[in-house]
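# Examining the three-dimensional arrangement
One letter stands for each residue in the lines below.
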Amino acid sequence: MARKMLRDGETEAYDYDLFVIGAGSGGVRASRTSAGFGAKVAICELPFHPISSETIGGVGGTCVIRGCVPKKILVYGSAFRGEFEDARNFGWELSEDINFNWKKLLNNKTQEIQRLNGIYKRLLTNAGVTMIEGEGKLAGPHEVEVTQPDGSVQKYTAKHILIATGSRAQRVKIPGEELAITSDEALSLEELPKRAVILGGGYIAVEFASIWRGMGATVDLFYRKELPLRGFDDEMRAVVAKNLEGRGIELHPQSTLTELSKTDEGIKVVTDHGDVLVADVVLFATGRAPNTKRLNLAAAGVETDKTGAIKVDEYSCTNIPSIWAVGDVTNRMNLTPVALMEGTCFSKTVFGGEPTKPDYKDIPCAVFSIPPLSVVGLSEQQALEQATSDILVFTSSFTPMKNTISGRQEKTVMKLVVDSATDRVIGASMCGPDAPEIMQGIGVAMKCGATKKQFDSTVGIHPSAAEEFVTMRSVTRRLTVGSKI
Amino acid sequence: MATSLGAPRLSLSPKTLQALRRTLPLSFSKSLHSKPLLRPSISHSPILLRLPRRRRLSSRPSASAGNNSAAASSGGDNYDFDLFTIGAGSGGVRASRFAANFGASVAVCELPFATISSDSTGGVGGTCVLRGCVPKKLMVYASKFSHEFEESHGFGWSYETDPKHDWGTLIANKNAELQRLTGIYKNILKNAGVTLIEGRGKIIDPHTVSVDGKLYSARHILIAVGGRPNMPNIPGIEHAIDSDAALDLSVRPDKIAIVGGGYIAVEFAGIFNGLMSEVHVFIRQKKVLRGFDEEIRDFVGEQMSLRGIEFHTEESPQAITKSEDGSLSLKTNKGTVSGFSHIMFATGRRPNTKNLGLEDVGVKLTNNGAIMVDEYSRTSVESIWAVGDVTDRINLTPVALMEGGAFAKTVFANEPTKPDHREVPSAVFSQPPIGQVGLTEEQAIEEYGDVDVYTANFRPLKATVSGLPDRIYMKLLVCANSGKVLGVHMCGDDSPEIIQGVAIAVKAGLTKAQFDSTVGIHPTAAEELVTMRTPTRKIRRNSSSDEEKVKDAVKSTT
């Protein structure tokens, strides 16, 4: 592989071809792939700890340490309760005393995360990337200043700088807010709450509601809208809400928290409806903000938007030609695999001689509520907004086979949204067991413009839930352009 | 299931219709048969039928064209029915319903319900619902819990006393569900206006079926009688059970021998192992699942062994003996293993073509007793068709459904449709399960020569915390010249669910580059299928060594 940087003779002037600030999903991927193209790369990251702060982070980033991975581990852990319930009608006799040891799970989870943290470090080392521990800040268009844990400051120059510092959970400004926790702490609580109050209707809120409920807590979920998961297909939102309720979570739509205070019984929670609850834990799952405040962006003149996210063009370049940004810090689509895609495209563009734009079309995603929701492409509402021809909606709501014996009153719901003019499937959603695993392949088919006819020509796998996606024969409804749902 | 009355023409109950039909004189069917037909007479050879039939079907007045009322189609043509289907399993029910929806008058006959099939017992729903996919999967669900109990320890769960399993509860609940399903299938037929006749159907002539002595005439006859387990004729075989019986045992086997290495054998091995029987599997070959991708065969064998199943390879059964205490011994070419409470044979299935009258009307059979059909599922007799396992093409429920649907379209909707047997995905509900679509590595190399093989073998997130030795194996086979994905194979949790969507992509002929352009869903196992960047090996027809190991990961890690 030719070393492009050396050939044009410019590299000599800089310490590195690329200096990356932040070793999360996007930063690690960009570093590794750039090094693979022959670039000389350094990356800085804050010291490791499960709970992040201005001075705490860790190689692996949000996904590995405070997001996807620990969350999924807790979801696995909490899903067992439902399994125990389901097992009985299949003939299993379980003692009434099933114990759950939170400390053990927490410990095993931390071990796994430390293992992954080590793997990520090794990935970087093996790729020849220099790792620097400390807080990175901009010092100019080609200069980064790293404050190391001992307080010493080191400056590095680089031809390109990539900002991949991610984002952090945000708090709500209400009296007593300091009594609440964010998802960071929620993933590492010393004690398992018996009574949990969650504020927020996004995916983090519903995921933690499922987790704590599964571990035996009472859960009260407060959100502003009529349904949780704004932005998702309305019909699926209603399904998720119904399932959360069915699993014993108290939903409080169109309401919020106004005040928290400490009492002997726990945290006293006052709602805008005047209700009062007492909780062991109050979780704010009210959004995340890009980590841009302490980056000293002004030193290089890097622009941010109103939310504090770094503004980038389609190639992830900021307004300064030598400075780039990927991942949550740009607040485009805040998902690990998207940050990976952006990181890879950046490397190809800058070091691979192959300008590549990340493609945001038909990106599948999942909400790991219990049961989970997964979607790809457009919701019914989005499809109708963008429609130039009639939209065909196919839905299927069925009792999963396991529930026919277990007796669990929970339906799996699936939906395909089809453009009648092209027959292309432009949206797919599913809420039910295994939805995220099922949706990945559907995502491949849709990404490549598969038509409903091609779905139908695929033979089912029997008996599976997924086969329903290839056997939806009759249109549930046809929406004409301009109609309202 | 909605039980609305449906269209007015359905207002006669099947029983009433049946009664009416019984009173009709049936003898004229034969004379009808010999009257000059509108269609040109053509050879009965399935191969020669192909071209002329397409034209004929679109030009002749079909049973469906203009015949949208039962009265017209049943009365006007002097046949009792436009279609008489023998066998109400997956293929038969689908074909009957669709044909009825296209306006045909349809009857279907089926044997009385029983969990164990025989020459005189069956049941609406067929193998899939009563003795196959459904009860099997329910048993798989039941047995999987023991693995989940084990997994749960790593996630902090513990039990005062270990979970016990009550066999009777499971079997009772399973059978209640099967009763419910057979009822649903009956309703589906009823709502479609199909006449259901209980009894054993036998073909008398190309347009007549006898059900327990009563004669019914039909323009078309569809044979959809399925298959049945087959056991070798060795001494003591009367002590063995087949898969029908294995799904309906009154007690849990303490120690069971399963003879066979096919999907039924490995599925039952997983079921009994999970429900805490001691399981021994005897296979003739070195590995289970002949015909599957070689590495998948290795992998699933290893994983099953780790879960406590004991394999006895390259052992053929020779005799079964029953000792005085009632326990069974299995003698093989290598020795004798004793102390079994049950011995199950999962040694293949045979088409149910005996005593159907096929030979007498000239329906040709293959060597193994399957009905020979052309691409439209037509037999060597023009008016007789066959779908599903009885034709021994690909013996899967969704394939029988496809064949049944295609048959109905071809015959009653003026839309000649060939079932497409390419890239049919399938699953094995072993523990862990397998999902696959397209070619195996061996087939891909044979067919394409130059193949890039992408593999992944990893510990899923759940196993890293449970501490169990569970792993997932995936393989993607890519045509080196076109980039087309030729086959996808997976063994591990959720494989059947994961492969379904992938199958749409494979069926649509997508390339590896298109897989790679899909963003992953994180964290899932399935995302691995769209993030396989580096081929494990590149196989080239012309290279001196068969396999060129690719070690230079950097080259394609972009």
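Residues numbered from 1 in each chain as written. Chains lettered and ligands numbered in written order. Predicted model: local features only at pLDDT ≥ 70, side-chain atom pairs only at ≥ 80, totals over all residues. Heavy atoms only, no water.

Test applied: UniProt positions are given in the numbering used here, feature names are shortened, and annotations may be inferred rather than shown by experiment.
Within an unreviewed UniProt entry, the label attached to chain B reads Glutathione reductase, and the organism entered is Rhynchospora pubera. The UniProt entry for chain B carries this comment under Subunit (unreviewed entry): "Homodimer." According to UniProt, the comment filed for chain B under the heading Sequence similarities (unreviewed entry) is "Belongs to the class-I pyridine nucleotide-disulfide oxidoreductase family."

An unreviewed UniProt entry lists chain A under the name Glutathione reductase, with Rhynchospora pubera as the source organism. Regarding chain A, the relevant UniProt record gives this comment under Catalytic activity (unreviewed entry): "2 glutathione + NADP(+) = glutathione disulfide + NADPH + H(+)". What the UniProt record of chain A gives under Sequence similarities (unreviewed entry) is the line "Belongs to the class-I pyridine nucleotide-disulfide oxidoreductase family."

### So, the overall build of chain A
Spelled out, the test is: Helix and strand assignments follow DSSP, with helices taken as H or I runs no shorter than four residues and strands as E runs no shorter than two, numbered in order from the N terminus. We compute the radius of gyration over the C-alpha atoms and compare it with the globule rule, which gives 2.2 Å times the number of residues raised to the power 0.38. Relative accessibility decides the category of a residue: with a 1.4 Å probe and only protein chains considered, values under 20% of the type maximum give buried, values over 50% give exposed, and everything between is partly exposed. Note on contacts: a residue pair is in contact if any heavy atoms of the two residues lie within 4.5 Å. For every accessible area listed, the method is Shrake-Rupley and the probe measures 1.4 Å; residues are considered covered only by the protein chains on display.
Counting its regular elements, chain A contains 13 helices and 24 strands. Relative to a compact globule of 485 residues, whose C-alpha radius of gyration would be 23 Å, chain A shows 24 Å and is just as compact. For chain A, buried positions account for 58% of its 485 residues. Residue pairs at least 24 apart in sequence account for 62% of intrachain contacts in chain A once pairs closer than 6 positions are excluded. Carbon together with sulfur atoms contributes 48% to the accessible area of chain A, which is approximately 19,100 Å² in total.

### Regarding empty space enclosed by the protein
Residues and elements named next belong to chain B. Rules: Each cavity reported here is a set of points on a 1 Å grid over the protein atoms alone in which a 1.4 Å probe fits but cannot get out, each pocket an open set with protein on both sides within 12 Å along at least five of seven lines, and each lining residue one with an atom within 4 Å of a point. Grid points are joined across faces, edges and corners, and a volume is the space filled by probe spheres set on the points. Basically, the charged four are Asp, Glu, Lys and Arg, the nonpolar ten are Ala, Val, Leu, Ile, Met, Phe, Trp, Tyr, Cys and Pro, and anything else, Gly included, counts as polar.
All chains considered together, the criterion is met by 2 cavities of 30 Å³ or more. Surrounding the largest cavity, Glu151, Gln303, Arg307, Pro432, Pro460, Lys462, Ala463, Asp470, Arg471, Ile472, Gly492 and Asp493 form its lining. Taken together, the residues that form the lining of the largest cavity break down as 4 nonpolar, 2 polar and 6 charged. Considered as a void within the structure, the second largest cavity measures approximately 50 Å³ in volume.

### Quick notes on the confidence of the model for chain A
Defined as follows: Per-residue confidence from the predictor is reported as pLDDT, which spans 0 to 100.
On average, chain A scores 95 in pLDDT, and the residues at 70 or more come to 97%. Here residues 1-7 of chain A is a poorly scored stretch, pLDDT under 50, and it has 16 contacts once near neighbours within four places are set aside; other chains count.

### Describing the packing of aromatic side chains
For clarity, the threshold we go by: Between the rings of Phe, Tyr and Trp (Trp by its six-membered ring), a pair exists once the centres lie within 6.5 Å; its type follows the angle of the planes, with under 30 degrees stacked, over 60 edge-to-face, and the other angles tilted. For a ring to carry a charge above it, either NZ of a lysine or CZ of an arginine must fall within 6 Å of the ring centroid while also lying within 35 degrees of the normal to the ring plane.
Counted according to the given criterion, the structure contains 27 aromatic pairs over all chains. Taken together, a centroid distance of 5.4 Å and an interplanar angle of 70 degrees make the contact between A:Trp324 and A:Phe346 edge-to-face. Here the residue A:Trp324 occupies a position in strand β18 (residues 323-325), and A:Phe346 occupies one in helix α9 (residues 336-351), the gap between them amounting to 22 residues. In this pair, the class of A:Trp324 matches that of A:Phe346, namely buried. When the centroid spacing of 5.9 Å and the interplanar angle of 75 degrees are considered together, the rings of B:Phe149 and B:Tyr159 count as edge-to-face. Taken together, the residues B:Phe149 in helix α7 (residues 133-154) and B:Tyr159 in strand β3 (residues 157-159) connect sequence positions 10 residues apart. Taking the relative accessible area as the measure of exposure, B:Phe149 reaches 6% and is therefore buried. Lying across the ring of A:Tyr16, A:Lys40 places its NZ or CZ 5.2 Å from the centre. Here B:Lys255 stacks its cationic end above the ring of B:Phe340, 5.1 Å away from the centre of that ring.

### A short note on the UniProt feature "active site" (unreviewed entry) in chain B
Test applied: Polar contacts, as counted here, are pairs of nitrogen or oxygen atoms within 3.5 Å of one another; within protein the pair requires one atom able to donate a hydrogen and one able to accept it, and residues that are adjacent in sequence qualify only if both atoms are side-chain atoms.
Listed under "active site" (unreviewed entry) in the UniProt record, and renumbered for this structure, are B:His522. The contact partners of B:His522, leaving out residues within four places of it in the chain, are A:Cys63, A:Cys68, A:Val69, A:Thr336, A:Pro337, A:Phe368 and B:Glu527. A distance of 2.8 Å separates polar atoms of two side chains, one belonging to B:His522 and the other to B:Glu527.

### What to know about the interface of chain B and chain A
Think of interface size as the accessible area that goes away when the parts come together; that is how it is often given. Note the threshold: A simple way to read buried area is as the amount of 1.4 Å-probe accessible surface that goes missing from two parts once joined, with both sides added. Counted as salt bridges are all cases of a side-chain nitrogen of Lys or Arg within 4 Å of a carboxyl oxygen of Asp or Glu. Two strands form a pair only when DSSP identifies at least two bridges running between them.
Across the contact, 82 residues belong to chain B and 81 residues belong to chain A. When the two sides are added together, the surface that chain B and chain A hide from each other amounts to roughly 7,000 Å², 69% of it contributed by carbon and sulfur. For the interface between chain B and chain A, the tally reads 0 salt bridges. Inspection of the chain B/chain A interface yields 22 residue pairs in polar contact (both at pLDDT 80 or more). A total of 14 residues in the side of chain B that touches chain A trace back to one element, the largest contributor, which is α7(B). Tallied by class, the residues present in the side of chain B that touches chain A amount to 42 nonpolar, 24 polar and 16 charged. Pairing geometry for strand β4 (residues 98-100) of chain A and β3(B), over 3 bridges, is antiparallel. Its bridge partner lying in β3(B), A:Asn99 is registered against B:Ser158.

### Regarding the environment of A:Pro149
All names here are of chain A. Position of Pro149 among the secondary structure elements: in the loop between β7 (143-147) and β8 (153-163). The spatial distance from the C-alpha of Pro149 to the C-alpha of Met446 is 47 Å, given a sequence separation of 297 residues. When neighbours within four sequence positions are excluded, Pro149 is seen to be in contact with Pro47, Glu133 and Gly134.

### Topic: the confidence of the model for chain B
Residues and elements named next belong to chain B. Chain-level statistics for chain B give a pLDDT mean of 87 and a share of 83% at 70 or above. Predicted confidence is poor over residues 1-76, with pLDDT under 50, and the contacts of this stretch with residues over four places away or in other chains come to 103 contacts. The model gives residues 545-558 a pLDDT under 50, and that stretch makes 26 contacts with residues more than four places away or in other chains.

### Considerations on the packing of helix α2 (residues 25-36) of chain A against helix α5 (residues 102-126) of chain A
Residues and elements named next belong to chain A. To be explicit about the condition: Lines fitted to C-alpha atoms define the axes here, with helix axes fitted over just the stretch in contact, and angles between the N-to-C directions of these axes take values from 0 to 180 degrees. Every angle not falling under 35 degrees, over 145, or within 65 to 115 is termed oblique; those three ranges are roughly parallel, roughly antiparallel and roughly perpendicular. Two helices that cross are described as forming a left-handed crossing if the nearer one is turned anticlockwise from the farther one by less than a right angle, and a right-handed crossing if clockwise.
α5 packs onto α2 with a crossing angle of 25 degrees between their chain directions and a minimal axis gap of 9 Å. Between α2 and α5, the angle falls in the class roughly parallel. For the pair α2 and α5, the crossing hand works out as left-handed. Residues Val28, Ser31 and Arg32 of α2 lie in contact with α5, whose contacting residues are Tyr120, Leu123 and Leu124. Residues belonging to the contact of α2 with α5 are distributed by class as follows: 4 nonpolar, 1 polar and 1 charged.

### Side note on the sheet that holds strand β13 (residues 317-322) of chain B
Residues and elements named next belong to chain B. In spatial order, the strands read β13-β14-β15; together these 3 strands make up an open sheet with antiparallel pairing. In the strand order of this sheet, the two ends are held by β13 and β15 (336-340), each with one partner. Looking at each pair of strands side by side, their axes are set apart by 20 degrees on average, direction ignored. Bridge analysis of strand β14 (residues 328-332) against β15 gives 3 bridges, and the strand direction is antiparallel.

### Regarding the UniProt feature "active site" (unreviewed entry) in chain A
Residue and element names in this part refer to chain A. UniProt marks His462 with the feature "active site" (unreviewed entry), using the numbering shown here. Locating His462 in the fold gives a position in the loop between α13 (452-457) and β24 (477-479). Given a relative accessible area of 23%, His462 falls into the partly exposed group. At a separation of 2.8 Å, a polar atom in the side chain of His462 contacts the side chain of Glu467.

### What about the UniProt feature "binding site: FAD" (unreviewed entry) in chain A?
All names here are of chain A. Mapped onto this numbering, the UniProt entry annotates "binding site: FAD" (unreviewed entry) at Lys72, Gly136, Thr165, Gly166, Ser167 and Asp328. The annotated residues occupy 257 residues of the chain and do not converge on a single region, their most distant C-alpha atoms lying 29.7 Å apart. Along the chain, the position of Thr165 falls in the loop between β8 and β9 (167-169). With respect to the helices and strands, Asp328 occurs in the loop between β18 and α9. Once you skip the residues sitting within four places of it in the chain, Asp328 turns out to touch Gly166, Ser167, Pro290, Asn334 and Leu335. One polar contact links Asp328 to Ser167, side chain to side chain, over a distance of 3.2 Å.

### Notes on the side chain of B:Asp205
Residues and elements named next belong to chain B. When you line up the elements, Asp205 lands in strand β6 (residues 201-205). Note on Asp205: relative accessible area 10%, which makes it buried. Here the side chain of Asp205 touches His207 through a polar contact of 2.6 Å, landing on its backbone nitrogen.

### A closer look at unusual backbone geometry
With the exception of glycine, the majority of residues adopt a negative phi angle, and the majority of peptide bonds are in the trans configuration. Across the junction of A:His462 and A:Pro463, the peptide omega takes the value -10 degrees, indicating a cis bond. Topologically, A:Pro463 is positioned in the loop between α13 and β24. At the junction of B:His522 and B:Pro523, the peptide bond is cis and its omega measures out at -5 degrees in the coordinates. As for its placement among the helices and strands, B:Pro523 is situated in the loop between α17 (512-516) and β24 (537-539). We note that B:Asp212 has phi near 45 degrees; this positive angle belongs to a residue other than glycine. Assessed through its relative accessible area of 55%, B:Asp212 is described here as exposed.

### As for the pattern of salt bridges
If the charged atoms of two oppositely charged side chains come close together, the side chains can form a pair. Within the structure shown, the criterion is met by 47 salt bridges over all chains. The closest approach of N and O atoms between B:Arg422 and B:Asp420, which form a salt bridge, is 2.9 Å. The exposed category is assigned to B:Arg422, whose relative accessible area is 57%. Each of the salt bridges in this network shares a partner with another, and the network as a whole consists of A:Asp233, A:Glu235, A:Glu380, A:Lys415 and A:Arg477.

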